[in-house]
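Descriptive analysis of the structure
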Amino acid sequence: MVDEPLKKHTYTQLGGNADYYVTPETYEQVRQIVQLANKESVPFTLLGNGSNLIVKDGGIRGIVLNLQKLDAIKTDENLVVAGSGARIIDVSREALKEHLSGLEFACGIPGSVGGALYMNAGAYGGEVKDVLTSAVVVTRDGELLTLAADELDLAYRKSNIPDNGYIVLEAEFSLKNGKYDEIKALMDDLTHRRESKQPLEYPSCGSVFKRPPGYFAGKLIQDSDLQGKQIGGAQVSLKHAGFIVNIDDATAEEYISLIRFVQKTVKEKFGVKLEREVRIIGEDLE
Ligand SMILES: Cc1cc2nc3c(=O)[nH]c(=O)nc-3n(C[C@H](O)[C@H](O)[C@H](O)COP(=O)(O)OP(=O)(O)OC[C@H]3O[C@@H](n4cnc5c(N)ncnc54)[C@H](O)[C@@H]3O)c2cc1C
């Protein structure tokens, strides 16, 4: 698709258009697109489920690759193999069906498998690093590689995927045999906790900031009296101070300005630097 609005594909519902929006159906097509883009010197950007991204108002030049069609999920004994476009929520549900434990933490994380590896997504004491065994990736040069999990340097909300320019195609998770009722009860409990604490009724990118060592970002923001602070259509959530919600057709510029305002205020009040968890990509409006 040409000139595709990325607002339609991001949880914050912000941002301009992609010059080209491509949704390949096979690993080979991904490889060919990467090779062609390199040959023609066209930049390309990976978009997963758009749940940890702010696309700027000027949009993204070149190709935006979305691997949502690579969404197969297969189980083999205690292993689950999922395409990078599968939703990690669906992978955790598949594991439940097979009575496999280890992915319960992911049952409410709205990312794709590719995005979850890139971010080493985690919640309630679990993270991708705990269960990932290997990943199939395409390199910047279009080469297909299978990597062991420890080759991805997974750490708190990061990996070496951006540094290496890997495109994740597939992930293998190793889980433990468990009891259906216990797995289900834990997933229900985590879902309830999430729904009662998070402002899921508004577009957002989830927690905007990483947890600063020794603190909680939400508590620092709350204690800085920032809840309800608004710039244009973006607001520090009244329900959960760690979230910034798009309550009234915000622009990316407004949302990003509010992020910077929160960082500056917390730094002034508590001397703590809030590091962004959400990724900002694309170009400003000219
Ligand atoms: C309401 C809400 C709740 C959330 N709760 C949590 C939570 O509890 N824990 C948590 O960790 N996160 C949470 N998040 C954030 C988000 O869901 C995770 O960071 C998720 O892993 C992002 O995946 P995605 O597919 O949406 O990635 P995107 O936002 O689309 O992309 C994130 C980054 O990954 C890259 N990427 C995506 N796919 C690939 C691929 N196939 N290959 C290479 N790079 C790729 C993109 O280029 C981008 O840089 C939440 C977000 C929301 C909106």
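Everything here concerns the structure above.
So, how was this worked out
- Throughout this description, residue numbers start from 1 for each chain and increase along the sequence as written.
- Predicted model: local features are reported for residues with pLDDT of at least 70 only, side-chain atom pairs are reported and counted for 80 or more only, and whole-chain, interface and lining totals are derived from all residues.
- As a rule here, side-chain values cover all heavy atoms of the structure and leave hydrogens and water aside.
- In this description a helix means any DSSP run of H or I spanning at least four residues, a strand means any run of E spanning at least two, and both kinds are numbered starting from the N terminus.
- Throughout, a contact is declared for two residues whenever any of their heavy atoms are within 4.5 Å.
- Pairing between two strands is assigned when DSSP locates at least 2 bridges connecting them.
- Axes here refer to lines fitted to C-alpha atoms; in helices the fit is confined to the stretch in contact. Angles between the N-to-C directions go from 0 to 180 degrees.
- Three exposure classes are used, based on accessible area relative to the maximum for each residue type with a 1.4 Å probe and protein chains only: buried under 20%, partly exposed in between, and exposed over 50%.

A word on the environment of Val137. Looking at the element boundaries, Val137 is found in strand 11 (residues 132-138). For the pair Val137 and Glu170, spaced 33 residues apart in sequence, the C-alpha separation works out to 7.1 Å. With near-sequence residues (within four places) excluded, Val137 lies in contact with Glu143, Leu144, Leu145, Leu147, Tyr166, Ile167, Val168 and Leu169.

This next bit is on the sheet that holds strand 5 (residues 60-66). With mixed pairing, the 4 strands of this open sheet are ordered in space as 1-2-5-3. Among the strands making up the open sheet, the edge pair consists of strand 1 (2-5) and strand 3 (44-47). Pairs of neighbouring strands in the sheet enclose a mean axial angle of 50°, with direction left out of account. Here 4 bridges tie strand 2 (residues 17-22) to strand 5, and the two strands are oriented parallel to one another. Bridged to Ala18 within strand 5 is Ile60.

Another point: helix 2 (residues 88-97). The periodicity of an α-helix, 3.6 residues per turn, causes residues three or four places apart in sequence to face the same way. With 7 of 10 residues buried, helix 2 lies mostly within the body of the structure. Among the residues of helix 2, Ile88, Ile89, Val91, Ser92, Glu94, Ala95 and Leu96 are the ones counted as buried. Looking at the packing, one finds that the buried side of helix 2 touches strand 6 (73-76), strand 7 (79-83), strand 8 (100-101), helix 3 (113-119), strand 13 (167-174) and helix 5 (180-197). Immediately beyond the C-terminal end of helix 2, within one or two residues, lies His99, with a positive phi of roughly 60°.

Our next topic: the sheet that holds strand 7. Read from one edge of the open sheet, 5 strands run 6-7-13-11-12, paired in antiparallel fashion. Every interior strand has two partners, whereas the edge strands, strand 6 and strand 12 (144-148), have only one. Within the sheet, the average angular offset between the axes of one strand and its neighbour, ignoring direction, is 15°. Pairing geometry for strand 7 and strand 13, over 5 bridges, is antiparallel. By the bridge assignment for strand 13, Leu79 is matched with Ser174. Running over the sheet, helix 1 (residues 27-39) touches strand 11, strand 12 and strand 13 and is turned about 145° from strand 13.

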